[in-house]
Structures are given as C-alpha cells and as structure tokens.
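A closer look at the structure
What follows is the residue order along each chain.
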2 protein chains.
Amino acid sequence: MNESSILQKILPIFHAGNDVAVPPGDDCALLEFGNKFLLAAADQVISNVHYLVDTAPELVAGKLLKRNLSDIAAMGGIPRWALLTLAVKGRSDEWMIRFFTGLEACAEKYGVAVVGGDLAALPGELDCASLTILGEVELEKVCLRKNAQAGDFIMVTGSLGDTFHSQHHLTFEPRLKEGRFLAENGLTRCMMDISDGVAADLPKLLTESNAGAVVELEKLPCRNNCHWKNALCDGEDYELLFTVSEPNRQRLEQMWQFDTPVSCIGRIVENKETVYTLNGTAVPNLEMTGYEHFNS
Amino acid sequence: MNESSILQKILPIFHAGNDVAVPPGDDCALLEFGNKFLLAAADQVISNVHYLVDTAPELVAGKLLKRNLSDIAAMGGIPRWALLTLAVKGRSDEWMIRFFTGLEACAEKYGVAVVGGDLAALPGELDCASLTILGEVELEKVCLRKNAQAGDFIMVTGSLGDTFHSQHHLTFEPRLKEGRFLAENGLTRCMMDISDGVAADLPKLLTESNAGAVVELEKLPCRNNCHWKNALCDGEDYELLFTVSEPNRQRLEQMWQFDTPVSCIGRIVENKETVYTLNGTAVPNLEMTGYEHFNS
C-alpha cells in the first residue's frame, strides 16, 4: 500500500460542504468564511522519516512550518496562523525549548502566529509533529491544479534534486513571495508545489487539468549539477510548479523581480500522455514514481 | 517534566498578532478573519496513550474528532471544518478505511467537513493522529476561562469520573448543543471543557479569572456511583465546566431543554484559594493533579 493508492480510496469517503470552494486534493482547501476565503492545509514530520533523529530541533520545526507554507505559496495565498501538535519521547526540556523557539522564529519570519496546539507523550522513542496552516487568498486569484490549458508553458522556480545531501530539505525557503507575485499579477491560475518530485507531482496537475505534457529533461534546473533523474525524482524540492500562457510568459520575464530563477521545462498538451524528451529524443519507459511519504 | 510545566515555558515563546483575539491558553484560539471570528484548536490521539491498540478504528477516529469538538463547545461555538494528519505503521487497508469512514460519519453527525490532511508512515508500530478543528463564534458570545466572577455558581454538565472502564472516553457526546445554548442565551461567558478532570481543569479557569472556589465534593455527579475522587481526578470527561451568576442560574433552570443534567458543584470566591468541602467540612491536603497527557 502506498500513499497515492490509499488516498484514492479515502478521498471519496468525505463529503464537502457548500462552504468548501476547493475540497481536499489541491495544495490547500479553500473555505468560504464570512466575506473572505480561508486557505487550510495540514502536514507532518516524523523522526527518521522526514529528518534524522539528531537534526537540530530548530531545523525540524522550521521544516514542518515551511512545508506547510509551501502549500499556501502554491495557492497564491498569504499565510496567517498555525496550530501544532507534538508527540515526543526521549527528548530533553532543552530540545523542546529549542524546537518551539525555532518554530516561533520561523513563524515570525513569514508573518505567521502560532495560535494553538497540543503536547503528548509517545510510547515509542520517536517524534511525530503535525502542523495546520491557515491563510487567505482572493477567490479570483487562487491558483489551482485544474487550471492548466493546452499550449501553456510549464515553469518551475529554483533548482531541483539533490535535496537530501545538500540539506535543502531542511534549509529551503518556501516560495511565498514568488507564489503571491504570480497570483497577484494574474500571471498564472495553475500552480502546485513540488514536494514529491516533478515526476510524481506533475501528473497530479495534469490529471486535474485533464491534459498531458511534453517535458524537456535537459531544461530541468539541476541543483549542484545533479543528474536530471534526481531533479525529476528526489522530491522535497518545495519549489513552485506552474503554467503560463504565451502572452503571460513575456509579462513574467519582464516583471520578475526575484533572485529566484524561473525555468521553462516543457509545455502542456491536449493529448493526455506525458512525453519526456532529452535533446529532442523521446525517453521511453521512464519509471518515475517520485517520493512516497507513505509506504507501509 | 509534565505537560503543565513545559507549557509554562513554551507559551511565552510565541507572539500573538493583532488579529488573534484570544491567544493559546483557552480551549480554542479566537481569530479575526474578515467580518467574522474563527475558532481554532488542535489535539491528538496516540495508540496505547489515548486508546488501546485493538480499539475499533471508528471509535479512535470519533474520539479524536470529538475531543476537538468539545473544545469548540467550550467556547460556545459552532464547528465547521477539520484537518487530519495520520501517521501509522502495521495497520491494514481495512483499518484505514474503517478509520476514515468512522471519521466521516462522526463529522457528518456534528456538521463538520473534513477538508484536508496528510498520511505518513511511522518507523515504530504505533498510530499518531492529529486533528485541527475550525469553527465560529460571535465575539459578544464567546465563553472564556477568564470571565468567572466572585459569587458565580460553578456548574458542570453530565456525569464525571469512571471514564476509562465505562468506555465513556470513547463513546462520549461532545456538548456542542449545550455549550451553544449557554452562549447563545447569554447564560454564561465563562466556560471550559473537562478533559483532565475538575481537579486539574478548574484551577486553570480560576487562574485566568484571578479567583478562588469552594467545591462541595458531595455534589459532584459521579458516573456509575464512582467515588468523588474519581469524579474529580479521572479526566476524559469531556463535559462542560462553566459559571453562572445568581440571576442566570434561575434562567438556566427555567430554560434548560436538554436531557443532559446540569449540576452545581460550588461557587467562585474572591479569595484565590480553592477549598474542597465534604458535607460542610473542609477536606485538607487533597492531592489532586488530574490527568496529565504528557509524562516523559
């Protein structure tokens, strides 16, 4: 059983209320609340799954919050509040204080207030930390996986791959400014974050958009000159994957104001297949599943 | 180290934004969002801490959601949405489907939509499930721990104690209707839920209200004729503890429309000490710490 297959069984179990503008399946849920729209997502980190047990607690807390911030970025939103639950055993008071101090430092940096949570003891010697992020976005600016159109360029921010050895999976910057800029300026309405690798995440966007893609492997921005297979499959990039129309690509290149690079890695096509090419030649039978957090 | 002592160190670490009307420390945070106020809380359940490992998965999921609903009830609020993270190992597909089906059944019963979450694998053979509940309440109706006044009666809903052997800790009804009724009719502005036992929870209310109490032990509504010590200390009651003024107590008795009993167990006093009496005689040196979820 892996995460994708069990999610396919689980997601249809839940009903969505009338006030749920975007149900589970995108990077965040979009919830109508009074005269505004709330973004909500939850994610977790577990010792020896998402970080080594001797990782500095500030980095663990930061990774947990930033993973969630990356989901807000992917919707073109602004983060507001976070709630945390932490279950630990075998951690000192000092570890706990450092964890929460690191969480607050990261929260302040990105304009988030930590407003609630719970602490519990685990029976086993490990940590399990869960965080819910709340944010906001305008209904007319929200970026969804389903909005890709045939002909759109497929873009990514930053570099991809080699995320574990480089420590990128701990030290990354969630692309909040970049995501908000794209949404605010109407440069895209189709975005997600890359957490499981392009090879695993792009198909989710294509399925929702009922489309296919041609991906040019030589255009992948490879971190530390890693192989394109790593850029495609390592996961934990926490970069933005988005599409832009031809006129918007020109606007994007003129308007882009960030140090973060933006790369075009391919195009959306009508045909629902996804073709990977290397210097113009199709690369067949690419077995790319990306990173699965859930393998029991 | 226990939960209370570590929380005393952790809570001051966090800043509260201007939009946080009630910061961590009450049953929920109260967040200003557009023209309305959002309630938010997070809680978790862990196998062999909060339930035995062979408990029916529907009951586990229900307990997790209902613990959180009890926090919404305690604020006088209405629940809206939930987000879940689940980390498991050694659970079958069937267990997972039953867990999520049970969660949805419970969510539908109480008018909640499950709108997001995450699944992950744990390295150890245990389950760790975390849930964030979102709800709403009017600013002028919200019930807070700090609002007790000297002279108020101390009230509890339902019965207390013997919560583990009776299975009450799994089968309880969160007091949403009762809590909302009290808030909506202005019968109280001071409420919390009893999760750690009156002996551990009442002092939190008294500290916030800068007050003391006289508790008449013989008035505790003891589940299954359990000893008053159990009613006071067992925890996991998920009943409402609230205060009412003298005129409101009369209104409450006239207006109360639920099968759930309401008992007066004492009064708020100005003197910050808490005195426990049994048939008029003070019971000294009552060592009552209630239930601590966090003992590492």
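Residues numbered from 1 in each chain as written. Chains lettered and ligands numbered in written order. Predicted model: local features only at pLDDT ≥ 70, side-chain atom pairs only at ≥ 80, totals over all residues. Heavy atoms only, no water.

1. Focus on the overall build of chain A
Inclusion rule: Each helix is a run of DSSP H or I of at least 4 residues and each strand a run of E of at least 2, with the numbering of both proceeding from the N terminus. Based on C-alpha atoms, the radius of gyration is set beside the globule rule, defined as 2.2 Å times the residue count to the power 0.38. Throughout, a contact is declared for two residues whenever any of their heavy atoms are within 4.5 Å.
A tally of helices and strands in chain A yields 8 helices and 13 strands. Relative to the globule expectation of 19 Å for 296 residues, the C-alpha radius of gyration of chain A, 19 Å, shows essentially globular dimensions. If you line up chain A on its principal axes, its C-alpha atoms span 55 × 45 × 40 Å. Taking the contacts inside chain A whose residues are at least 6 apart along the sequence as the reference set, 83% of them involve residues at least 24 apart.

2. A look at helix α2 (residues 57–74) of chain A
Residue and element names in this part refer to chain A. What counts here: Under the convention used throughout, the expected extent of a helix is 1.5 Å for every residue step, that is, one less than its residue count. Relative accessibility thresholds used throughout: buried, under 20% of the residue-type maximum; exposed, over 50%; partly exposed, between the two (1.4 Å probe, protein chains only).
Helix length check: α2, at 18 residues, gives a terminal C-alpha distance of 26 Å against a target of 26 Å (1.5 Å per residue), a fit within 8%. With 16 of 18 residues buried, α2 lies mostly within the body of the structure. Looking one or two residues past α2, glycine 76 carries a phi angle of roughly 80°, positive in sign.

3. Comments concerning the domain arrangement of chain A
By a frequent convention, interface size equals the accessible area lost on bringing the separate parts together. Residues and elements named next belong to chain A. For the record, the criterion: Delimitation of the domains relies on an automatic or database domain assignment. Buried area: the accessible surface (1.4 Å probe) lost by two parts on joining, summed over both. Salt bridge, as used here: a side-chain nitrogen of Lys or Arg that lies within 4 Å of a carboxyl oxygen of Asp or Glu. Think of a polar contact as two N or O atoms within 3.5 Å of one another; within protein, one of them needs to be a possible hydrogen donor and the other a possible acceptor, and neighboring residues in sequence only count if both atoms come from side chains. Each residue gets one label: Ala, Val, Leu, Ile, Met, Phe, Trp, Tyr, Cys and Pro are nonpolar, Asp, Glu, Lys and Arg are charged, and the others, such as Gly, are polar.
Taken as a whole, chain A is organised into domain 1 (3–136) and domain 2 (145–282). On the domain 2 side, the residues contacting the 23 residues of domain 1 number 19 residues. In total, about 1,800 Å² of surface goes out of reach between domain 1 and domain 2, with carbon and sulfur atoms giving 54% of it. Arginine 67 is the salt-bridge partner of glutamate 236, the closest N and O atoms lying 4.0 Å from each other. Where domain 1 touches domain 2, the interface holds 13 residue pairs in polar contact (both at pLDDT 80 or more). Elements supplying a minimum of two residues to the side of domain 1 that touches domain 2: α2 and β4 (78–88). A total of 10 residues in the side of domain 1 that touches domain 2 trace back to one element, the largest contributor, which is α2. The residue makeup of the side of domain 1 that touches domain 2, split by class, is 10 nonpolar, 6 polar and 7 charged.

4. So, the sheet that holds strand β8 (residues 191–194) of chain A
Residues and elements named next belong to chain A. What counts is decided by this rule: Two strands pair if DSSP finds at least two bridges between them. Every angle, taken between N-to-C directions, lies between 0 and 180 degrees, and every axis is a line fitted to C-alpha atoms, over only the stretch in contact when it is a helix.
Taking strand neighbours across the sheet as the criterion, the 7 strands line up as β8-β10-β7-β11-β9-β12-β13 in an open arrangement whose pairing is mixed. Of all the strands in the sheet, just β8 and β13 (281–282) have a single pairing partner and so form its edges. Two elements, strand β9 (residues 212–216) and strand β12 (residues 274–278), share 4 bridges in a ladder whose sense is parallel. Looking at β12, one finds that alanine 213 is bridged to threonine 274. Across the sheet, α2 lies against β8 and β10 (239–244), angled at about 155° from β8, the strand it touches most. Its contacts with the sheet put helix α6 (residues 198–209) on β7 (153–157), β8, β9, β10, β11 (262–269) and β12, and the angle it makes with β8 is roughly 160°.

5. Topic: the relation of the copies chain B and chain A
Look at the two chain copies: a rotation about an axis and a shift along it is all it takes to match them. The condition is simple: Only residues with pLDDT of at least 70 in both copies contribute their C-alpha atoms to the least-squares superposition of the copies.
Superposing chain B onto chain A requires a rotation of 180° together with a translation of 0.0 Å along the rotation axis, leaving an RMSD of 0.0 Å. Look at the turn and shift together and you get a two-fold axis relating the two. Mapped onto chain A, 100% of the interface residues of chain B again fall at the interface, so both copies present the same surface.

6. A word on the interface of chain B and chain A
Residue-level contacts link 70 residues of chain B with 70 residues of chain A. When chain B packs against chain A, the two sides together hide about 6,000 Å² of surface, and 70% of this comes from carbon and sulfur. Across the pair A:Asp19 and B:Arg80 runs a salt bridge, and its minimum N-O distance is 2.7 Å. Remark: the boundary between chain B and chain A carries 17 residue pairs in polar contact (both at pLDDT 80 or more). Of all the elements in the fold, those that place two or more residues in the side of chain B that touches chain A are α1 (3–10), β2 (29–33), β3 (36–46), β4 (78–88), α3 (93–109), β5 (113–121) and β6 (128–136) of chain B. Residues belonging to the side of chain B that touches chain A are distributed by class as follows: 40 nonpolar, 18 polar and 12 charged.

7. Quick word on the packing of helix α2 (residues 57–74) of chain B against α3(B)
All names here are of chain B. Rule in force here: Note on angle classes: values under 35 degrees are labelled roughly parallel, values over 145 roughly antiparallel, values of 65 to 115 roughly perpendicular, and the remainder oblique. Each helix crossing is assigned a hand: it is left-handed if the near helix lies turned anticlockwise from the far helix by less than a right angle, otherwise right-handed if that turn is clockwise.
Remark: α2 packs on α3, axes separated minimally by 7 Å, with the N-to-C direction vectors making an angle of 40°. Between α2 and α3, the angle is such that the two are oblique. Viewed along their axes, α2 and α3 form a crossing whose handedness is right-handed. Every residue of α3 that contacts α2 at Pro57, Glu58, Val60, Ala61, Gly62, Leu65 and Lys66 is listed here: Trp95, Arg98, Phe99, Gly102, Leu103, Cys106 and Ala107. Here the residues of the contact of α2 with α3 sort into 9 nonpolar, 2 polar and 3 charged.

8. Re the sheet that holds strand β5 (residues 113–121) of chain A
All names here are of chain A. In space, the 6 strands of this open sheet follow the order β1-β2-β3-β6-β4-β5, with mixed pairing throughout. The open sheet has two edge strands with one neighbour each: β1 (20–22) and β5. Going from strand to strand, the sheet's axes swing by 25° on average, the running direction of each strand aside. Against the sheet, α2 engages β3 (36–46), β4 and β6 (128–136), with an angle of about 145° to β3. On the sheet, helix α3 (residues 93–109) packs against β4, β5 and β6 and is oriented at approximately 170° with respect to β4.

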